[in-house]
Amino acid sequence: MKSPQTFTYLFLQNSQDFASSNAMTQQLQDEFDSSVENAEAWMKAIQERLSINDNTKGPRSALEARLRETEKIRALEPEGSLKIDSILVKADAALRSISEDKKHEILSKLKDIKALWEETAIYITHCHSRIEWVWLHWNEYLKAQDEFYTWIHNMSVTLEPDIELQLGLKEKQWQLSHAQVLLNDVLNQSVLLERLLEEAASLFSRIGDSSVDEDVQKKMKVEYEKIREQAENRVNLLKKITKEHEQYSANVGQFQSWLNGVTERLNSCIGEATESSAEDKLKALKEIAKNIRSGGKKLDQLEDECTNVIENTSPLGAERMKDELEMLRKALEKLKLLHSEEEKRLLKIQESESAYESQARQLEADIKVLRKYLQKLENHLEPGEGEKTEDEFVTLWRKCNATRAALAAEESNVERLKAQLKELLQFSQDVHPHTESVVSAIQQYQSVRGKTSKMSTDTETELRRLFQNPLLDFERWKPSVQMLLETPEPALTHIEAALAESSRFKEKFMTLQLKKDLLNNVLGEEKAKTFLQEVAEASKKREIIHESLMQSKRTIQHFDAGFAPLQKKLSAIRAKLDLEKELKPDLLGKKTQLQRLQMIQDDLAELVTQMEEVEKLVQSNTTHKHEMNQLSSDSQALKIALKMMIQQSEERIQKHCAYKDKLSDLQQWIKLTTDTFEPYQGAEGDQNNEGQVADLKRWLAELPDKEMQLCLVKASGKLVMENSSPEETAHVQAELDQLEESWRQLKKMETRVLKTWQLSKPVIDSKKKIEFVDRRWISGPVFHHSDVDPNHKQERIEEGQHTSSHLKLLHEFEEWLQGEKKKLTKILDVPSSSTEEIKTRKSKLEELQSRVPDGQRLFEDLLHNQPLTEYSEDLEDLRYQWMLYKSILKESMSTLSPGTSEEPDRFRKMGHYNKCDILLHIMNAMKN
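Residues numbered from 1 in each chain as written. Predicted model: local features only at pLDDT ≥ 70, side-chain atom pairs only at ≥ 80, totals over all residues. Heavy atoms only, no water.

Chemist: Provide a residue-level description of the overall build of the chain, including the pertinent values.
Modeler: Along the chain, the regular secondary structure elements total 25 helices and zero strands. Carbon and sulfur atoms form 52% of the exposed surface of the chain, whose accessible area is close to 56400 Å². (Helix = DSSP H or I, 4+ residues; strand = E, 2+ residues; numbered from the N terminus. Areas by Shrake-Rupley, 256 points an atom, 1.4 Å probe, with all protein chains shown as cover.)

Now the structure itself:
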């Protein structure tokens, strides 16, 4: 045992250590308080200086002084940062040595001083930036104002001198163009002026200085308007001067063109080389005389216009204009003299031409009458185009005989024309045109007479050939008909064609026997009699052949009577089937369509039975047998297409019914759940009422499962919309949108109930979600919720550590899955067109498939490591991505074939799918 002295010593020693420790703690706390007070006083001083300078009103010198002051204050900002850092160091030392109950006081002071420093730093920056922006804005405005007044001065100097007189029109146009350029410069400057005035108004609202007040702005505007008015007046005056000169020049050009035209017309009337008569030339000279008189008036008007233009033209330009008018007047006088001389010469020539013209007109009139009559005879003989009938040849033959008689009577008129031409040769005028007319008329007479003779001979020859053609055609037709009758299986169309040809021969033979008189005139009596005997013998042979053809036709028609209705009925069934290819607007329409397809199937079965009966009748005829085989093949193809349409229709109806059932179930459940949650929204949660809490938990537990069912309904709806008309697609989409809206309202109600009753959100078990996808049904819910019992505090601490480990595993699995997906995309991007490439792709896919079990183990570890009280949206998305990856990998291995190119595109879009789309893809893959 220790002595009492020893215990006393130890007690005193511990007391001294405790007192020393308390003294050190007090010193650290005092240093912290002192630094906080100093910093606070420094910051308040800075804020007072800022508040004094935080103003943009006043003259430029005052604003510059405030700017320099804020720059100095801004330079002190690092000093404040050092003070805050010092406070943080001393606060950290004090917090380590004081007790828990005093830490709150230090932390509170530390929070306040940091907030004060943040406020001071922001104030420093804002105050300095505001004053600096106004200062820079003012500088830019003054610079722009100086440039504006420099432009005003330069433009005033340019516009001040008077307008100089120019040499000609081109110089005046150049002068106007230069003035318009200056005016455009002035007008463009208005935009800069408006901007300058806006800047001045903006500055005045901020600084209130008289250098930018409204009087200064009005002064700038007045000076600009003065410049603009000078430029516009100059342009308007130059436009007037230029327009007068342009009009004068245009009138001079028109007069010159008129003068040239009149001179050219007068020259065309002068000389012996012209073909016009003297009378025509005199008429033209009268018109020219009127034009010359009007030209004199135009020249007088030009002289008046020239006087006005000269007032705004230089002396040298005015002299040129006068010389130009003088030349025009001399040319007009020369034209008058030439016109007078030509008119006298033509009057003498006109008198000698009168007698010649009278006789020439009589000759031309007689020639015209003769030629007109000859043309009439020739037109009457026109044979026309194309092949002619026998009657037309007879008519033409008779016309030829009548025309030959008329031409013989006109020979005396031709001799009289020759005598009239000899009389005209006594005059000095050129008789050559009239000689040509007479010669041409005689040639026409000889041509018509020769043509008539030749046509008469040709017509008789053609008529003899036409009478012989029916007999020749009949002799050529007989061998082909004999071959047709000897054929074992002749076609009905060939038989009917032969019968029609036989009837045509009968008509031709009868017609020839009725034309006895015509034949006597053309062939002669002896030849006509022999020809008619040959026709009678040919008619007897035709009747024998015709009877044989009728017998063959009756034999063939027995088959056609049964085959044609079968073809017609098959075409009708095919038309009905084509009408049923259209998508129907609703479930009732789809069911009705299925009933109609089944009725068509019954009609097709009945048709097949009828075809079998007809086939028994055509066993010996190869042609008819081939036609029946073709009809049977068509009916078989139609039967297969009909069977596929019925199967497709049944599948569409099944999908539509499944969608309607699922939609109705989910809508009823949402309505029932909404009615159940309604009373709990307004009431405050009573945790002691175990019955109400249990009811709420039971209803809330169904929500995650129903969310999966919502995805199923959407997937079913998409399948229905793929095989429906646009109207039904819009209707189904509207139902899905309404269901989605009801679900959102229910989720909002769930949130309010959870908040009111202080319950945690239930989470569906991960394994059961996977089990749902595999079995395509919804599994039972599993819930995890946080209790409000204080005994769970320790569990929450452990769950925090567990969450950190879970996030690490989540990140690792996500990186691994992204790597596998990139490898799969790279494999599928390479085209496989050969057997060797398919083997290479298969080996690479098998290598990826071998790593799937390892990935599954990593994912299961991730699920087991998930905190029970948390619901991770990232984990849910990762779960669906993992299931989609396995589905596409399996599908790629099962569809290995050359040229497959759909997998890469589908896999690249994998990251853009939502949960319901991924679920639908996996369900379709399992169904396939």
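Picking up after the structure, the text goes on.
Chemist: Before we move on, can you summarise helix H11 (residues 432-486) with the specific residues and values?
Modeler: Turn by turn, an α-helix covers 3.6 residues, leaving residues three or four places apart pointing in a common direction. The end-to-end C-alpha distance of H11 is 78 Å, a good match for the 81 Å that 55 residues give at a rise of 1.5 Å each. At Asn 469, H11 shows its maximal bend, which comes to roughly 35°, and the proline Pro 470 appears one to four places after that position. (Expected span 1.5 Å × (residues − 1). Bend = angle between axes of the 7 residues up to and from the residue.)

Chemist: Quick rundown of the side chain of Asp 366? Include the residues and the values.
Modeler: With respect to the secondary-structure elements, Asp 366 resides in helix H8 (residues 315-380). As a buried residue without a salt bridge, Asp 366 has its nearest oppositely charged side chain in Arg 416, at a separation of 4.8 Å. Every residue in contact with Asp 366, bar those within four places of it in the chain, is listed here: Leu 417 and Gln 420. (Buried < 20%, exposed > 50% of the residue type's maximum accessible area, 1.4 Å probe, protein only. Lys, Arg positive; Asp, Glu negative; His and termini not counted. Salt bridge = Lys/Arg side-chain N within 4 Å of Asp/Glu carboxyl O. Contact = heavy atoms within 4.5 Å.)

Chemist: With reference to specific residues and values, describe a positive patch on the surface.
Modeler: Taken together, the side chains of Lys 283, Lys 286, Lys 290, Arg 293 and Lys 297 present a region of like positive charge at the surface. Position of Lys 283 relative to the elements: it lies in helix H7 (residues 278-310). (Patch = residues over 30% accessible without salt bridge, like charges linked within 9 Å, V, L, I, M, F, W, Y side chains within 5 Å. Charge placed at Lys NZ, Arg CZ, Asp CG, Glu CD.)

Chemist: Describe the environment of Lys 697, listing the residues and the values that go with them.
Modeler: Within the secondary structure, Lys 697 sits in helix H17 (residues 690-722). Classification of Lys 697 as partly exposed rests on a relative accessible area of 35%. Separated by 57 residues in sequence, Lys 697 and Leu 754 place their C-alpha atoms 9.8 Å apart.

Chemist: If you had to explain the nonpolar core to someone new, which residues and values would you point to?
Modeler: Ranked by size, the top nonpolar core spans 53 residues in total, and within it Met 43, Ile 113, Tyr 141, Phe 148 and Trp 151 carry the most contacts. Contributions of two or more residues to this core are made by helix H1 (4-53), helix H2 (60-75), helix H3 (77-97), helix H4 (100-159), helix H5 (169-207) and helix H6 (214-269). A per-element tally of this core places H4 first, with 18 residues. Among all residues touching Trp 151, those that are not within four sequence positions of it are Asp 185, Val 186, Gln 189, Tyr 224 and Ile 227. The next biggest cluster of nonpolar side chains, apart from the first, holds 28 residues, and it includes Val 394, Phe 467, Ala 498 and Ile 545. (Core = buried A, V, L, I, M, F, W, Y, C linked by side-chain atoms within 4.5 Å.)

Chemist: So what's going on with the packing of aromatic side chains? Which residues, and what values?
Modeler: Enumeration according to the criterion identifies 12 aromatic pairs in this entry. Between Trp 42 and Trp 117, the aromatic rings sit 6.2 Å apart at their centres with planes inclined by 40°, giving tilted as the arrangement. Taken together, the residues Trp 42 in helix H1 and Trp 117 in helix H4 connect sequence positions 75 residues apart. Considered together, Trp 42 and Trp 117 belong to a single accessibility category, that of buried residues. Here the aromatic residues Phe 813, Trp 816, Phe 859, Trp 882 and Tyr 885 are joined through ring pairs into a cluster of three or more. (Phe/Tyr/Trp six-rings, centres within 6.5 Å; stacked < 30°, edge-to-face > 60°.)

Chemist: Now, about the pattern of salt bridges: what can you tell me, with residues and values included?
Modeler: Throughout the structure, instances matching the rule amount to 27 salt bridges. The shortest N-O distance in the salt bridge between Arg 228 and Glu 232 comes to 2.8 Å. Here Arg 228 and its partner Glu 232 are both found in helix H6, four residues apart, which amounts to about one turn of the helix. Looking at Arg 228, the relative accessible area reads 23%, which means it is partly exposed. Residue Glu 475 is joined to Lys 478 by a salt bridge in which the shortest nitrogen-to-oxygen separation is 3.3 Å. Remark: Lys 478 and Glu 475 occur in helix H11; sequence separation between them is three residues, near one turn of the helix. Given the relative accessible area of 42%, Glu 475 is considered partly exposed. Overall, the relative accessible area of 17% leaves Lys 478 in the buried class. Three or more residues joined by partner-sharing salt bridges are found here, namely Lys 714, Glu 740, Glu 741 and Arg 744.

Chemist: Tell me about the confidence of the model for the chain, and name the residues and values.
Modeler: Atomic detail in the predicted coordinates should be set aside for any region of low pLDDT. On average, residues of the chain score 77 in pLDDT, and 82% of them reach the 70 mark or higher. Within the chain, the lowest mean pLDDT, 41, falls on helix H19 (residues 766-775), and the highest, 88, falls on H3. Below pLDDT 50 for its whole length, residues 1-12 participates in one contact with residues either more than four positions away or in separate chains. (pLDDT = per-residue confidence, 0-100.)

Chemist: Mind laying out the packing of H5 against H6, listing which residues take part and the relevant values?
Modeler: Running from N to C, H5 and H6 cross one another at 160°; their axes reach a closest spacing of 9 Å. As judged from the angle between their axes, H5 and H6 are roughly antiparallel. Crossing hand, H5 versus H6: left-handed. Tallied by class, residues from the contact of H5 with H6 come to 18 nonpolar, nine polar and seven charged. (Axes fitted to C-alpha atoms, helices over the stretch in contact; angles between N-to-C directions. Parallel < 35°, antiparallel > 145°, perpendicular 65-115°, else oblique. Left-handed = near helix turned anticlockwise from the far one by under 90°. Nonpolar A, V, L, I, M, F, W, Y, C, P; charged D, E, K, R; others polar.)

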